[in-house]
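Next come the chains, spelled out residue by residue.
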Amino acid sequence: MNNYNGKILTRGSSQVRSRFVKKDGQCNVLSTNMDEKRQRYLADFFTTCVDIRWRYLLFIFCASFLVSWLFFGIIFYSVSLVHGDFEGQPEARGDGMAVAGLPGAPSGHTSGGATQRIPCILHVHGFVGALLFSMETQTTIGYGWRCVTEECPVAVMTVVVQSIVGCIIDSFMVGTIMAKMARPKKRNRTLVFSKNAVIALRDGKLCLMWRVGNLRKSHIVEAHVRAQLIRSYVTAEGEFIPLEQMDLNVGYDEGTDRLFLVSPLVIIHEIDKDSPLYTLSQADLEADDFEIVVILEGMVEATAMTTQFRSSYLAREVFWGHRFEPVIYEDRDRYKVDYSRFHKTYEVPSTPHLSAKELDEVASRASSAASPASAYRSNQDLIPRSLSAFCYENEVALSCGEDEDEIFDSQILGKERAEERRTSVSVDFQNKFQDTATVTPGSHSVMCVLDMDNNQMEFDILQTAIPLDPVSYKSEQDI
């Protein structure tokens, strides 16, 4: 077990953590031994239909209509069978329509001296005819050949019930399919997180950074980002927590967690005293095992529905001392984004290997043991100043070649002027001491601090090599 940030880890460095959240945003969690799982899912049948796969939803869609047609077809067939519409003589024509003749029927029409019985459903001579009539009724096709008569009130009520049930099934299935099609889940396909996260200095502070981009022209309205550190540990009381979730501040207080996601942006988590990564150094990162879950939420501009895009970074996917390559540049009157460099990083060798806590301790010791000017200089020495470690602000790299040359030339010129001043002042002081000073060969060195042009210039110790004056010099025995 490893001790990390004051807590005991339960996973060794040789073991590989399974992702809690996959790269595509799916949660790697399987629920088992659930009581009354089917009853709970059927109680929320609409959400279940929206969440299931398309092939299952299409199966339910087809099955619902087939079952309803078959069910009411059986009812129509049973009503006609009980009424006796399938017995007796074959079809006979009378009064301009064909009916099934049944001698001795109590009711019917008289045509040519013969009494003919009217069936419940015209032109239905078996189960297939009843099934076709059920389909025509529920889908309101209305071919005009089969129809229900006034002879059977049960058949009339069955037509009414089937019409209502058909409308309910249509509304439910159409609503389910529309809700599934309009889900913003597929909008996540056009949102992308960088494959790796990086830790580097940003404005003199150690920061955890990752990049997010939007591949569509349509915006994510009210986009905001969150991040959580997930790891397992044992508390001081011996309680084992397999997956503890700790928030990583990405600017909640300042409002920088809200994004205008038009071009790729770099999300920054400042590693300070409140960060769970405060004691994490480069050596700890290589040996530690944790997972950082990043979440982007917002409303889809086209549908105004809320979407959530998730991804995660394991410890081995966090690069220490790297920065992201710039992806946006100005081209005439517009800005272009090169997504081929979206996931690429470059190494910054000058990044300190210490943790944020150790850097703060070094700065505090330097400030307490030295003068304010020296403490400021020691603190600034921890921050790389080379041009190779230049940090692109918000990943916007414009044409700055000429500016870098001017900066470089100005720095060289400033150094030359400072050296000239140092040399001239040193020579003047040596001449002055040669004229007036009378000191012993073992005299103390002299520290000179001058204020020239309102700038404090601190010089090294000047050793005075002035020959002694035998007239003014007296030994201790003569005194």
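Bear in mind that the values here come from a model prediction, so they are computed numbers and not experimental data.

### A look at the overall build of the protein chain
At step 1: Per the secondary structure count, the protein chain includes 9 helices and 22 strands.
At step 2: Scored against the burial criterion, the 479 residues of the protein chain give a buried share of 35%.
At step 3: Partitioning the contacts of the protein chain with sequence separation of at least 6, the portion at a separation of at least 24 is 66%.
At step 4: Accessible surface for the protein chain amounts to roughly 30,100 Å². Of this, 54% is attributable to carbon and sulfur atoms.

### Here we look at unusual backbone geometry
At step 1: Located in the positive-phi region is D203, a residue other than glycine, with phi close to 60 degrees.
At step 2: Tracing the chain through its elements places D203 in the loop between β8 (197–202) and β9 (205–214).
At step 3: The exposed category is assigned to D203, whose relative accessible area is 74%.
At step 4: The residue R332 is not glycine, and still its phi comes out positive at about 60 degrees.
At step 5: Relative to the elements of secondary structure, R332 occurs in the loop between β18 (328–331) and β19 (334–337).

### With respect to the side chain of H269
At step 1: Note that H269 resides in strand β13 (residues 265–270).
At step 2: Of note is the side chain of H269, whose polar atom sits 2.7 Å from the side chain of S275.
At step 3: If sequence neighbours within four positions are ignored, H269 has contacts with L206, C207, L208, W210, L248, N249, V250, S275 and L277.

### As for helix α5 (residues 153–181)
At step 1: A rise of 1.5 Å per residue sets the reference length of α5, with its 29 residues, at 42 Å; its end C-alpha atoms lie 42 Å apart and thus fit the reference within 8%.
At step 2: Among the residues of α5, those classed as buried are A155, T158, V159, Q162, G166, I169, M173, T176, I177 and K180.
At step 3: Contact partners of the buried residues in α5: α2 (45–51), α3 (54–83) and α4 (127–139).

### Some words on the state of the cysteines
At step 1: For the structure shown, the criterion picks out 1 disulfide.
At step 2: Two residues, C120 and C152, share a disulfide whose sulfurs are 1.4 Å apart. With C120 in the loop between β6 (114–116) and α4 and C152 in the loop between α4 and α5, the pair connects residues that are 32 residues apart, well separated along the chain. Assigned by exposure class, C120 and C152 land together as buried.

### What about the packing of aromatic side chains?
At step 1: This structure, assessed with the given rule, holds 10 aromatic pairs.
At step 2: Judged by centre distance (6.0 Å) and plane angle (45 degrees), the rings of F65 and W69 are tilted. With F65 and W69 both in helix α3, this residue pair falls 4 residues apart, about one helical turn.
At step 3: Seen in terms of ring centroids, F76 and F133 are 4.9 Å apart; in terms of plane orientation they differ by 75 degrees. Their pairing is edge-to-face. Linking F76 in helix α3 with F133 in helix α4, this pair joins segments that are 57 residues apart in sequence. Assigned by exposure class, F76 and F133 land together as buried.
At step 4: A connected cluster of aromatic rings, assembled from ring pairs, spans F45, F46 and F172.
At step 5: Just above the ring of Y41 sits the side chain of K37; from NZ or CZ to the centre is 5.8 Å.
At step 6: Taking NZ or CZ as reference, K180 lies 5.5 Å from the ring centre of W54, over its face.

### Describing the environment of W69
At step 1: When its relative accessible area of 16% is taken as the criterion, W69 is described as buried.
At step 2: Separated by 68 residues in sequence, W69 and T137 have C-alpha atoms that sit 9.1 Å apart.
At step 3: Once residues within four sequence positions are removed from consideration, W69 is found in contact with L131, S134, M135, Q138 and T139.

### As for the pattern of salt bridges
At step 1: A complete count under the given rule lists 10 salt bridges for this structure.
At step 2: In this structure, the salt-bridge partner of E317 is K23, at a minimum N-O distance of 3.5 Å. Placement of E317 in the loop between β15 (306–314) and β16 (318–320) and of K23 in the loop between β2 (7–9) and α1 (37–43) is noted, with a sequence separation of 294 residues between them.
At step 3: The salt bridge involving E222 is made with R258; its shortest N-O contact spans 3.4 Å. Taken together, the positions of E222 in strand β10 (residues 220–234) and R258 in strand β12 (residues 258–259) put the pair 36 residues apart, joining distant regions of the chain.
At step 4: When its relative accessible area of 48% is taken as the criterion, E222 is described as partly exposed.
At step 5: On the basis of relative accessible area, R258 is assigned to the exposed category, the value being 53%.
At step 6: A network of salt bridges, in which partner residues are shared, links R19, K23 and E317.

### Describing the pairing of β9
At step 1: The element β9 is largely enclosed, with a buried count of 9 among its 10 residues.
At step 2: The pairing of strand β7 (residues 191–193) with β9 spans 3 bridges and is classified as antiparallel. Within β9, the position partnered with L191 by the bridge is N214.
At step 3: Taken together, the 5 bridges between β8 and β9 define a ladder with antiparallel strand orientation. The residue of β9 that forms the bridge with L201 is L206.
At step 4: Turn length for the β8-β9 hairpin, with the two strands adjacent in sequence and antiparallel, is 2 residues, and the turn residue D203 shows positive phi of about 60 degrees.
At step 5: Sheet analysis places β9 next to β13, joined by 6 bridges and oriented antiparallel. Paired with W210 across the strands is I267, a residue of β13.

### Overview of a positive patch on the surface
At step 1: A grouping of R53, R55, K185, K186 and R189 is seen on the molecular surface, where their side chains present a positively charged patch.
At step 2: Since its relative accessible area comes to 53%, R53 is described here as exposed.

What counts and what doesn't
Residues numbered from 1 in each chain as written. Predicted model: local features only at pLDDT ≥ 70, side-chain atom pairs only at ≥ 80, totals over all residues. Heavy atoms only, no water. Helix = DSSP H or I, 4+ residues; strand = E, 2+ residues; numbered from the N terminus. Buried < 20%, exposed > 50% of the residue type's maximum accessible area, 1.4 Å probe, protein only. Contact = heavy atoms within 4.5 Å. Areas by Shrake-Rupley, 256 points an atom, 1.4 Å probe, with all protein chains shown as cover. Polar contact = N/O pair within 3.5 Å; in protein donor to acceptor, adjacent residues only side chain to side chain. Expected span 1.5 Å × (residues − 1). Disulfide = S-S within 2.5 Å. Phe/Tyr/Trp six-rings, centres within 6.5 Å; stacked < 30°, edge-to-face > 60°. Lys NZ or Arg CZ within 6 Å of the ring centre and 35° of its normal. Salt bridge = Lys/Arg side-chain N within 4 Å of Asp/Glu carboxyl O. Pairing = 2+ DSSP bridges. Patch = residues over 30% accessible without salt bridge, like charges linked within 9 Å, V, L, I, M, F, W, Y side chains within 5 Å. Lys, Arg positive; Asp, Glu negative; His and termini not counted. Charge placed at Lys NZ, Arg CZ, Asp CG, Glu CD.

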